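# Inside the fold
So you can see what is in the structure, the chains are spelled out below.
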Amino acid sequence: MEFGPYLMLAALEGAVTAAVLALMAAGLSLVFGVMRVVNVAHGEFYMLGAVLAFVVAGMAGGGALGFVAALVAVPLIVGALAVAADVTVLKRVGYDPERTIVATIGILYILQQVTLMGYGPDARPVAAPFNQRIALPWVEWGAGGPSLYWPWGLSITSYKLFVIGAAVVVLAGLWVLMTRTRIGLVMRATQLDRETAQAFGIPVERVYALVFGLGAGLAALAGVLIVPIQQAHYLMGGDALLLSFIVVIIGGLGSLPGTLIAALLIGLSDGILSVFFSPTLAKIVATLLVALVLVFRPQGLMGKAPR
Amino acid sequence: MSDPTKPGATPADPARRAALKTLAGAGAAAAALPLWARYTHAQSAAPIRVGFQMHATGIGAAYGRWYDRTTRAAARVINAAGGINGRPLEIVTEDDGTDPRRGAEVVEKFANQHRVDVAFGTLFSHVVIGSAPRAGELKLPYFVVSEGHHVASGMLNRWTLQPGITDVKSQVLAVAPFVAETLGRKVTMIFPDYAFGHDHRDFFSEAIAAQGGEVIAKLAIPPTETSFTRYFPRIPRETEVIYHVMVGPAVLTFVKEMGEFFGPSRPAIFGFIDSLEAVDLRSPGLDFLEGTYFWEGMPRYVQPDQTEFDRHFRAEVGIDENGASASDPRDVSTYAHMFGCWETLYIIKRGMEAAGYAGPQDRQKLVEAVEAMTDMPESNEHPQGAKLFNGRTHQVFGQQHVSRLENGRLDVVRTVPLEETFYPDEVDYTTRPF
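Sequence positions are assigned chain by chain, starting from 1 and proceeding in written order. Starting at A for chains and at 1 for ligands, labels are handed out in the order in which the entities are written. Local features in this predicted model are restricted to residues whose pLDDT is 70 or higher, and side-chain atom pairs enter the listing and the counts only when it is 80 or higher, whereas totals over whole chains, interfaces and linings include all residues. To get the side-chain values, all heavy atoms of the structure are used, and hydrogens and water are removed first.

### Description of the pattern of salt bridges
Residues and elements named next belong to chain A. One side-chain nitrogen of Lys or Arg within 4 Å of one carboxyl oxygen of Asp or Glu is enough to make a salt bridge. Applying the stated criterion across every chain, the model contains 29 salt bridges over all chains. Between lysine 91 and glutamate 205 there is a salt bridge, with its nearest N and O atoms 3.5 Å apart. Of the two residues, lysine 91 is situated in the loop between helix H3 (63-90) and helix H4 (97-119) and glutamate 205 in helix H8 (residues 204-226); the sequence distance between them amounts to 114 residues. Burial status follows relative accessibility: with a 1.4 Å probe on protein chains alone, a residue under 20% of its type maximum counts as buried, one over 50% as exposed, and anything between as partly exposed. Assessed through its relative accessible area of 34%, lysine 91 is described here as partly exposed. Only runs of H or I of at least four residues qualify as helices and only runs of E of at least two qualify as strands under DSSP, and these elements are numbered from the N terminus.

Shown next as structure tokens:
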């Protein structure tokens, strides 16, 4: 493959990764920003999204209808589950940073093993509602000026484009929610100072439950979107969690724009490096980036230094 | 025991009591006659315990599920026919998580805790390589069903045998002439990046070179990978044949993304069915595979010349004519591999009978009895076909199939006889100490 089309394919693959990663990391970042909880179980909410998408799509009769049903219902189900986990577990340990880490590790194993017992160890597919292959053209500078041609292998599917589009829409919605609505204001107030917010009559515990549910819902949505491309498998949360942590650390914990920038950075570098060199090198570079950020800018690219 | 000579003992009582006991015992035995009568000629009626190392979870789970079903079916059939040496066969299952470290622990558990007679059933080559040294140290006969060349290469030990399934080296020797003659000579290989995939890489490269062909690119993909498009641009444009073999939970994604990458202008494609074991060939996104070829160890779809042995095997394991579960047509089996468990259990039976196996003290005799085996005629015990066992290399040889995918099903287009799959011995395990 020539260099130009090769780069374009790599960038497109990276954009799909970045889109899914941005959704997941936004949830993780939100939970940390508002609640100061490092949610180690976040990857399992992503996995649950994918697995439940398989279940819901099957119950709704499969096909496009099944997928739409999963897209609507699954984030709500997983969000509700997360709210329940918050009320029954995290609240009881008083949102203490160390203890919540241990508690969410426990939630991770419970979710993973229950899925293994109920759903089994197999990877199962969900049919995409639409999945046309779109061959992409490339410009060639010939003797008679620029001309278009269709290089071998340069293509994307309509569904992958949809994933990118859906992620952009959801993230824009999240940004509007955080900056333009009353509930967003309440969340930001809680993030800024929990005690003062409570003194002003904000029901902090309900805000926490809502935020935890919203974060898990975003991860589940990412899971639903990815499952027609990959497949639902009970171990898929591990890698996703690692990459989201990398994104959140680089972007700055609690910063939505930082998360988005870092997701693009990691997604694209992962796509391009793994196409041109090897996926292992891509992981090495991502981890190196984290190390550099932690050394030279511990608060992350867009994070605010602690006051 | 009462002593009639003891003072105070009444001489009549014990005799009568003993007589009554005998009568009662005989009565109870008569009532239970159908249960134990099959094992009457055994010295001991205790079961022979076979430790089944199962990939119940992890990347080998789909194979594990079907290896388990096949093993249970074979054990049921063997027990219904009188067991081994008149003793019932008992399967002791342990999950190894498809993980080499856990595999070695499972072997140890079999030997020290479950006290099994032999261990059996491991498929994934990295797990075999991780577990076999421990089996050797524990002097536990270890019957693997793996396909890897590690047994015949001499890398393992005298206690590890592969008598129920052929190895990658003989499989690629069987298919290389077909690839070169029918499909093309410039081959790009896509394989999983661990021992099993490396066997494919090394031996197919050799085999195709011997046919005047050439491997022009080798794409190694980690078996835990979930996204594949980014590997495909490394396929050179002049490729005539894609040779693919993939394992793991994401095999369907792998094949689908390969189709999306090539679009309408795909080269010829030859795959090992491993890339689509336990996957429905009519899944959406696989249409592009129409007209491509696959290696199959045993044909998934019932062929016109189906043998009575294949019919028996399918009926006992519960497989329909499309290679799926008879109770759920969406639950597709790993038909090209799982016969290995069935045949291996019958070899353990035959070996134990030849060795007069009575207990763990006879383990060495069992290994020697299996090493002495050669011909295994096609039968209910060997439904995949006739086999020839090489006791020196601990590896069995058998026929191989090339099938073409048409109208969503695979039909055999060439069957390579076992004589064409031989290669020179690389080891003589019989010279190694126990």
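### Let's talk about the sheet that holds strand S15 (residues 409-416) of chain B
Residues and elements named next belong to chain B. Here a strand pair is declared whenever DSSP counts at least two bridges between the two strands. Within the open sheet, the seven strands sit side by side as S7-S6-S8-S9-S10-S14-S15. Their pairing is mixed. Two strands in the sheet have a free side with no partner beyond their single neighbour: strand S7 (214-221) and S15. Mean inter-strand twist for the sheet, computed between neighbouring axes without regard to direction, equals 25°. By the bridge criterion, four bridges tie strand S6 (residues 186-192) to strand S8 (residues 241-244) in an arrangement that is parallel. From the neighbouring strand, isoleucine 190 faces S8, where its bridge partner is histidine 244. Across the sheet, helix H6 (residues 168-183) touches S6, S8, strand S9 (268-272), strand S10 (293-296), strand S14 (400-406) and S15, and the angle it forms with S9 is around 170°. Every axis corresponds to a line fitted to the C-alpha atoms, with the helix fit spanning only the stretch in contact, and the corresponding angles, defined between N-to-C directions, vary from 0 to 180 degrees. In this description, contact between two residues means that some pair of their heavy atoms is separated by no more than 4.5 Å.

### Overview of the packing of helix H1 (residues 3-35) of chain A against helix H10 (residues 256-276) of chain A
Direction vectors running N to C along H1(A) and H10(A) enclose 145°, while the axes themselves pass 6 Å from each other. Read as a crossing pair, H1(A) and H10(A) show a hand that is right-handed. By definition, turning the near helix anticlockwise from the far helix through less than a right angle yields a left-handed crossing, and turning it clockwise yields a right-handed one.

### Re the UniProt feature "transmembrane region" (unreviewed entry) in chain A
UniProt positions are given in the numbering used here, feature names are shortened, and annotations may be inferred rather than shown by experiment. When the UniProt feature table is mapped onto this chain numbering, "transmembrane region" (unreviewed entry) sits at residues 6-33, 45-61, 67-89, 101-120, 159-178, 207-229, 241-266 and 273-296 of chain A. Its end C-alpha atoms 27 Å apart, residues 101-120 of chain A is made of 95% helix and 0% strand.

### Some details on the sheet that holds strand S11 (residues 375-376) of chain B
Residue and element names in this part refer to chain B. Strand order in the open sheet made by the three strands is S11-S12-S13, with antiparallel pairing throughout. Of all strands in the sheet, those with a lone pairing partner are S11 and strand S13 (395-398), marking the two edges. Bridge count for strand S12 (residues 387-390) against S13 is four bridges, and the pairing is antiparallel. Bridging across to S13, phenylalanine 389 finds its partner in valine 396.

### Things to note about the interface of chain B and chain A
The interface of chain B with chain A comprises 32 residues on the first partner and 28 residues on the second. When two parts are brought into contact, each loses some accessible area as probed by a 1.4 Å sphere; the total of that loss over both is the buried area. For the pair chain B and chain A, the summed buried area comes to about 2,400 Å², and 53% of that belongs to carbon and sulfur atoms. On the chain B side of the interface with chain A, the three residues burying the most area are B:Arg230, B:Pro233 and B:Glu260, jointly 26% of the side's total. Connecting chain B to chain A are three salt bridges. B:Arg65 is the salt-bridge partner of A:Asp122, the closest N and O atoms lying 2.5 Å from each other. In the analysis that follows, any N or O atom pair within 3.5 Å is treated as a polar contact, provided that within protein one partner can donate a hydrogen and the other can accept it, and provided that, for residues neighboring in sequence, both atoms belong to side chains. Along the contact surface separating chain B from chain A lie nine residue pairs in polar contact (both at pLDDT 80 or more). For the side of chain B that touches chain A, the elements supplying multiple residues, two or more each, are helix H3 (61-80) and helix H8 (251-262) of chain B.

### With respect to helix H11 (residues 279-296) of chain A
Residues and elements named next belong to chain A. Given a helix with a known number of residues, its expected span is that number minus one, times 1.5 Å. The terminal C-alpha atoms of H11 lie 26 Å apart, and with 18 residues this matches the ideal 26 Å at 1.5 Å per residue to within 8%. Turning to H11, its buried residues are Pro279, Ala282, Ala286, Val290 and Val293. In an axial view of H11, the angular spread of the buried residues amounts to 85°, which keeps them on one side of the axis. Seen from the open side of H11, the exposed residues pointing more than 90 degrees away from its buried face are Leu288, Val295 and Phe296. In the core, the buried residues of H11 are packed alongside helix H9 (237-251) and H10. Taken from the helix axis, the directions to the C-beta atoms give the arc we talk about.

### As for the packing of aromatic side chains
Only rings of Phe, Tyr and Trp enter the pairing, Trp through its six-membered ring, and a pair is recorded when the two centres are within 6.5 Å. The plane angle decides the type: under 30 degrees is stacked, over 60 is edge-to-face, the rest tilted. Considering all chains together, one arrives at 28 aromatic pairs over all chains under this definition. Considering the side-chain rings of B:Tyr194 and B:Phe196, the 6.3 Å spacing of their centres and the 45° angle between planes classify their relative orientation as tilted. A ring pair is formed by B:Phe261 and B:Phe262, whose centres lie 5.4 Å apart and whose planes are at 75°; its orientation type is edge-to-face. Taking the relative accessible area as the measure of exposure, B:Phe261 reaches 2% and is therefore buried. Sitting over a ring, as applied to charges here, requires NZ of Lys or CZ of Arg to be within 6 Å of the ring centre and within 35 degrees of the ring normal. When the ring centre of A:Tyr119 is taken as reference, the NZ or CZ atom of A:Arg124 above it lies at 4.6 Å. The ring of B:Tyr423 is capped by B:Lys169, whose NZ or CZ atom sits 4.8 Å from the centre of that ring.

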